[in-house]
Amino acid sequence: MAKIIVVTSGKGGVGKTTSSAAISTGLALRGFKTVVIDFDVGLRNLDLVMGCERRVVYDLINVVNGESSLRQSLIKDKRTENLYILPASQTRDKDALTKEGVERVINELRNDFDYIVCDSPAGIEKGAMMALYFSDIAIVVTNPEISSVRDSDRILGILSSKSRRAEQGMDGVVEHLLLTRYSPERVVRGDMLSVEDVKEVLAIPLLGVIPESPAVLRASNSGEPVILDAPSDAGQAYADAVSRLLGETVPFRFIKPQKKGIFRRLFGKAEETTV
């Protein structure tokens with residue numbers, strides 16, 4: 001039976017779609033059959049990040065409305081075995097999503113996949129609520145800034161009260177924190193919150209710290225999940241996060257300022273520490 005992961009946040013622009021693409025790709029690379037679904041109806045960016053925008057024929061709303069089958073609508077990733085994408089619609093309204101329709105899609109996917117990754121819109125509008133309602137695991141993405149952390153705290157409240165698990169009295173959604181666009185140098189200068197600051201406010205386990213990195217923009221522009229850029233700091237950080245998601249113990253990297261010695265400049269070795 002598939003596990004359903006929602007990648008969510010209270011604030012827009014924190015890197016949810018980048019994270020959804022990276023994490024779903026990472027799970028597929030580890031041998032798990034994975035599908036990633038774009039719930040951002042009306043905007044649809046996941047297909048761009050995954051590099052499959054020209055292959056979209058049918059979308060999530062078509063499946064929900066019975067206008068196409070899952071087999072017709074799923075896009076098989078060309079780079080990564082075991083990875084599929086179900087895009088959102090650019091032309092429909094978010095009200096086209098119904099709980100019954102989404103549940104039918106999720107239940108059908110459960111039979112064939114190990115992981116279903118839901119790329120949620122920001123905030124608490126209908127698409128976001130649909131994405132988090134059926135989740136077993138929530139990855140809450142936040143930037144190290146006050147407004148982003150505060151909005152993520154609100155999302156945690158919704159997860160604990162409005163998910164299907166909460167409604168049915170089941171064990172709660174397993175929550176993880178993914179901290180993106182992190183710069184240790186800016187933390188030292190007092191320009192952004194530290195890892196410990198964010199952990200203290202949100203009080204959920206830390207899954208990963210993704211450094212501020214030009215590799216993320218390069219990957220988005222080229223339509224390739226950044227986790228496939230293995231030499232990059234962001235690619236390594238996402239790979240570490242996937243390992244932790246699978247229960248492995250992995251040291252945290254990229255959370256301390258890099259020393260400026262000649263060997264570090266040449267080889268770019270990042271410090272490792274535990275959090």
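Above this text is the structure in question.
Residues numbered from 1 in each chain as written. Predicted model: local features only at pLDDT ≥ 70, side-chain atom pairs only at ≥ 80, totals over all residues. Heavy atoms only, no water.

Asker: Please provide a residue-by-residue account of the state of the cysteines, values included.
Answerer: The final tally for this structure, using the stated rule, is zero disulfides. Here Cys 118 is not cross-linked by a disulfide; its sulfur's nearest cysteine counterpart is in Cys 52, at 16 Å. (Disulfide = S-S within 2.5 Å.)

Asker: So what about the pairing of strand S5 (residues 115-119)? Which residues, and what values?
Answerer: A regular strand places its side chains on the two faces of the sheet in alternate fashion. Within S5, five of the five residues are buried, which leaves it mostly tucked inside the rest of the structure. Of the two faces of S5, both are covered, the one formed by Tyr 115, Val 117 and Asp 119 as well as the one formed by Ile 116 and Cys 118. Relative to S5, strand S1 (residues 3-8) is paired through five bridges, and the arrangement is parallel. Note that in S5 the partner of Lys 3 across the bridge is Tyr 115. By the bridge criterion, five bridges tie strand S2 (residues 34-38) to S5 in an arrangement that is parallel. Bridging across to S5, Asp 38 finds its partner in Asp 119. (Buried < 20%, exposed > 50% of the residue type's maximum accessible area, 1.4 Å probe, protein only. Helix = DSSP H or I, 4+ residues; strand = E, 2+ residues; numbered from the N terminus. Pairing = 2+ DSSP bridges.)

Asker: Please set out the pattern of salt bridges residue by residue, giving values where relevant.
Answerer: Once the charged atoms of two side chains with opposite charge are near each other, the side chains can pair. A complete count under the given rule lists 13 salt bridges for this structure. Of the charged contacts, one joins Asp 240 and Arg 253 as a salt bridge, the two residues approaching to 2.9 Å between their closest N and O atoms. Here Arg 253 lies in strand S9 (residues 252-253) and Asp 240 lies in helix H12 (residues 233-245), a separation of 13 residues in the sequence. Given a relative accessible area of 19%, Arg 253 falls into the buried group. (Salt bridge = Lys/Arg side-chain N within 4 Å of Asp/Glu carboxyl O.)

Asker: Residues and numbers for the sheet that holds S2, please.
Answerer: Spatial strand order, S3-S4-S2-S5-S1-S6-S7-S8: eight strands in an open sheet with mixed pairing. Unpaired on one side and paired on the other, strand S3 (75-76) and strand S8 (206-211) mark the two borders of the sheet. Direction of pairing for S3 relative to strand S4 (residues 83-86): antiparallel, over a ladder of two bridges. Its bridge partner lying in S4, Ile 75 is registered against Ile 85. In the packing of helix H1 (residues 16-29) onto the sheet, contacts are made with S1, S2, S4, S5, strand S6 (137-142) and strand S7 (174-182), and the angle to S5 comes to roughly 170 degrees. (Contact = heavy atoms within 4.5 Å. Axes fitted to C-alpha atoms, helices over the stretch in contact; angles between N-to-C directions.)

All quantities given are derived from atomic positions and should not be read as evidence of function.
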